[in-house]
Structures are given as C-alpha cells and as structure tokens.
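Topology and contacts: notes
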Amino acid sequence: MPEDLYTNNLAWFKSNERPEVVLLIADNPNLIKIAVAWTSLTVKRTDKLTVLHRDTENEIWQWLWQNTQYCLSELKEKIAVPYSEISLHSKLRTLIGNRIIYPDGTINSFVQRYLREKVIGLFGSRSDRIAKKEK
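Source: prediction; values computed, not measured. (Residues numbered from 1 in each chain as written. Predicted model: local features only at pLDDT ≥ 70, side-chain atom pairs only at ≥ 80, totals over all residues. Heavy atoms only, no water.)

1. As for the overall build of the chain
Tallying secondary structure elements over the chain gives seven helices and two strands in all. Taken across its 135 residues, the chain has 33% of its residues classed as buried. Looking at the chain as shown, the accessible area adds up to about 8800 Å², and 53% of this sits on carbon and sulfur atoms. (Helix = DSSP H or I, 4+ residues; strand = E, 2+ residues; numbered from the N terminus. Buried < 20%, exposed > 50% of the residue type's maximum accessible area, 1.4 Å probe, protein only. Areas by Shrake-Rupley, 256 points an atom, 1.4 Å probe, with all protein chains shown as cover.)

2. Examining the packing of helix H3 (residues 29–38) against helix H5 (residues 72–79)
Orientation of H3 relative to H5, taken along the N-to-C sense of each, is 115°, at an axis distance of 9 Å. As for the relative orientation of H3 and H5, their crossing is right-handed in sense. Across from Lys-33, Ile-34, Ala-37 and Trp-38 in H3, the residues of H5 making contact are Leu-75, Lys-78 and Ile-79. Of the residues belonging to the contact of H3 with H5, the class tally is five nonpolar, no polar and two charged. (Axes fitted to C-alpha atoms, helices over the stretch in contact; angles between N-to-C directions. Left-handed = near helix turned anticlockwise from the far one by under 90°. Contact = heavy atoms within 4.5 Å. Nonpolar A, V, L, I, M, F, W, Y, C, P; charged D, E, K, R; others polar.)

3. Quick notes on the packing of H5 against helix H6 (residues 85–97)
Interaxial distance between H5 and H6 falls to 11 Å at its minimum, and their mutual angle equals 90°. Taken together, the axes of H5 and H6 are roughly perpendicular relative to one another. Contact residues: Leu-72, Leu-75, Lys-76 and Ile-79 in H5; Glu-85, Leu-88 and Leu-92 in H6. (Parallel < 35°, antiparallel > 145°, perpendicular 65-115°, else oblique.)

4. Quick look at the layout of surface pockets
Where empty space is left in the structure can be found by rolling a water-sized probe over the atoms. Within this model, the largest pocket holds a volume of roughly 170 Å³. Lining of the largest pocket is provided by Ile-32, Ala-35, Val-36, Thr-39, Ile-107, Gln-112, Leu-115, Arg-116, Lys-118, Val-119 and Leu-122. If you list the elements that add at least two residues to the lining of the largest pocket, you get H3 and helix H7 (109–134). Counting residues per element, the lining of the largest pocket draws most heavily on H7, at six residues. Looking at the lining of the largest pocket residue by residue, the classes come out as seven nonpolar, two polar and two charged. (1 Å grid on protein atoms, 1.4 Å probe; cavity = no way out; pocket = protein on both sides within 12 Å on 5 of 7 lines; lining within 4 Å. Points joined across faces, edges and corners; volume = space filled by probe spheres on them.)

5. Quick word on the pattern of salt bridges
According to the stated counting rule, one finds four salt bridges in the structure shown. Note that Lys-78 is salt-bridged to Glu-74, the shortest N-O span being 3.8 Å. Highlighted residues: Lys-78 and Glu-74, both in helix H5, separated by four residues, approximately one helical turn. (Salt bridge = Lys/Arg side-chain N within 4 Å of Asp/Glu carboxyl O.)

Functional significance is not addressed by these values, which are geometric in nature.
In structure tokens, the structure reads:
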C-alpha cells in the first residue's frame with residue numbers, strides 16, 4: 001500500500017529527529033519566518049506516488065518530498081517578505097535538507113518547542129516589564 005509507505009516513512013523521520021537542527025534556525029529570522037509559515041501552508045501528498053527505488057535514508061527523504069505538493073506563491077504570501085524565487089527556494093532547500101520542515105506541513109518538534117519557548121519568553125518579558133512599571 002503506497003499510502004502506508006509514505007505515512008510509515010514520514011513517521012520514521014519524525015521519530016528520529018535531531019535536536020541539533022535548532023542551531024541552524026536559532027539565529028536566522030528568515031528561516032524562522034519560513035518555518036512558521038510552513039505550518040499554515042496547504043501541503044499534501046501527490047495523488048499517485050512514484051515508485052521508491054532505493055531505501056537509504058536520504059533517498060527516502062527525497063522520495064517523500066518528490067511526492068509532496070505545495071504552492072510556492074502561497075508560501076511567499078504567508079511569509080510577507082519580498083523574496084526572489086531563487087532566494088526562497090534556497091532557504092526552503094535548507095529547511096528541507098536539514099529536516100526542519102516536513103512534507104506534511106509540520107516542523108521538527110525540537111524547532112517547534114524552541115519557537116514556542118522563544119515566543120513565551122517574549123510575552124514573559126513583556127509581562128515582567130509591565131509588572132515592574134506598576135510597582
């Protein structure tokens with residue numbers, strides 16, 4: 001069953017995430033914007049999956065992405081940054097190649113936790129400043 005093959009392979013990658021990829025995104029606001037936008041993008045697998053010829057980790061990862069559909073112009077709109085097609089494609093390849101974004105519209109769970117903590121820290125800092133001003 002091809003759908004099971006796709007789902008099972010994707011699940012394997014998600015269960016074998018590397019936390020170190022957070023370092024690639026941590027100091028790069030442009031990659032962060034793309035990763036955040038990725039989670040609200042319409043992403044789906046192709047209707048008919050191609051044949052998976054080999055079973056090395058990198059080849060399976062490439063196969064998953066070959067069988068994934070998304071709209072680059074929709075992503076550009078969601079990012080709200082004027083990227084050229086070449087620049088956006090390059091940054092997207094970085095996120096894909098380092099397995100930061102997934103072909104189902106989700107992102108690496110370590111990256112997701114990092115981003116949530118960063119946002120909570122921003123709100124926490126603001127709340128702390130407000131509390132200090134009120135004293």
